[in-house]
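# Summary of structural features
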Amino acid sequence: MESLHYLLMKVHTRLQRRICAQAVVLGLTSGQPKVLEYLVRYGESNQKSIAEYCEIEQTTVGSILMRMEAAGLVVRSQHQGNRRSLYVALTAVGRAAAAKMEQIFDQEEAAACALLSFEEKEQLQHLLTKLSSALSGNEWHAE
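An account of the accompanying structure is given in this report. Just so you know, these numbers come straight off a predicted model, no measurement behind them.

Our focus in this paragraph is the packing of aromatic side chains. Here the distance between the centres and the angle between the planes together describe a pair of aromatic rings. Taken as a whole and judged by the stated rule, the model has three aromatic pairs. On the basis of an interplanar angle of 40 degrees and a centroid distance of 4.9 Å, the ring pair of Y38 and Y42 is categorised as tilted. Of this pair, Y38 and Y42 both sit in helix α2 (residues 32-42), separated by four residues, roughly a single helical turn. For Y38, a relative accessible area of 8% translates into the label buried. Residue Y42 is classed as partly exposed on the basis of its relative accessible area of 45%. Both rings, one in Y38 and one in Y53, keep their centres 5.0 Å apart while their planes meet at 50 degrees; by these two values the pair is tilted.

Structure follows, in structure tokens:
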């Protein structure tokens, strides 16, 4: 059997390729699908929070957001009393793209888990959550 790190990398790479191939058809570039997913899930947010969730550098998020703003997917604005942070929100075009990406994520997740039972999928999610917590240094708590 392959090592755990290799299997995790292999699954991630294959899933990412499948998702990105479909995102390109929608006119999205690398990084944009996960930003859309974050904004749908959490609503208007600042660049720092988006970067932390997406596990990428703030400067990279800044570049992604500039392209998304140019494509009409998001708008950035300042909140009164906070001139240092720009807040990002989805536009109607961004919400439509996010809805399409959600379908793609669901479809690809279903394909990836096609050989798993419902219980195995839940267990896998549970175990991956624990792994993620261990690597982030956070104490894990069952939900």
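Anyway, onward from the coordinates.
Moving on, we come to the packing of helix α1 (residues 4-25) against helix α5 (residues 92-112). The geometry of α1 relative to α5 is characterised by a closest axis approach of 10 Å and an angle of 150 degrees between their N-to-C directions. Considering the angle they form, α1 stands roughly antiparallel to α5. For the pair α1 and α5, the sense of crossing is right-handed. Residue-level inspection shows L15, R18, I19, Q22 and A23 of α1 in contact with α5, the latter providing M101, I104, F105, Q107, E108 and A111. In terms of residue class, the contact of α1 with α5 is made up of seven nonpolar, two polar and two charged.

On to unusual backbone geometry. The phi torsion at E55 lies on the positive side, around 60 degrees, for a residue other than glycine. Looking at the secondary structure, you find E55 in the loop between α3 (47-54) and α4 (58-70). On the basis of relative accessible area, E55 is assigned to the exposed category, the value being 69%.

In this section: the packing of α2 against α4. Across the interface, α2 lies against α4 with an axial gap of 10 Å and an inter-helix angle of 80 degrees. In terms of orientation, α2 and α4 fall into the roughly perpendicular class. Contacts from Q32, V35 and L36 of α2 reach α4 at I64, L65, R67 and M68.

Take the nonpolar core next. One finds V35, L36, L39, I50, M68 and M101 to be the most contacted residues of the largest nonpolar core, which totals 23 residues. Counting only elements with at least two residues in this core, the list comes to α1, α2, α3, α4, β3 (82-90) and α5. Looking at this core element by element, the count peaks at five residues for α5. Apart from residues lying up to four places away in sequence, M101 is in contact with I19, A23, L26, L28, P33 and L36.

A few words on the pattern of salt bridges. Tallied over the full model, the rule gives three salt bridges. Residues K121 and E109 are paired through a salt bridge, measuring 2.8 Å at the closest nitrogen-oxygen approach. Here E109 lies in helix α5 and K121 lies in helix α6 (residues 118-136), a separation of twelve residues in the sequence.

Rules of the game
Residues numbered from 1 in each chain as written. Predicted model: local features only at pLDDT ≥ 70, side-chain atom pairs only at ≥ 80, totals over all residues. Heavy atoms only, no water. Phe/Tyr/Trp six-rings, centres within 6.5 Å; stacked < 30°, edge-to-face > 60°. Helix = DSSP H or I, 4+ residues; strand = E, 2+ residues; numbered from the N terminus. Buried < 20%, exposed > 50% of the residue type's maximum accessible area, 1.4 Å probe, protein only. Axes fitted to C-alpha atoms, helices over the stretch in contact; angles between N-to-C directions. Parallel < 35°, antiparallel > 145°, perpendicular 65-115°, else oblique. Left-handed = near helix turned anticlockwise from the far one by under 90°. Contact = heavy atoms within 4.5 Å. Nonpolar A, V, L, I, M, F, W, Y, C, P; charged D, E, K, R; others polar. Core = buried A, V, L, I, M, F, W, Y, C linked by side-chain atoms within 4.5 Å. Salt bridge = Lys/Arg side-chain N within 4 Å of Asp/Glu carboxyl O.

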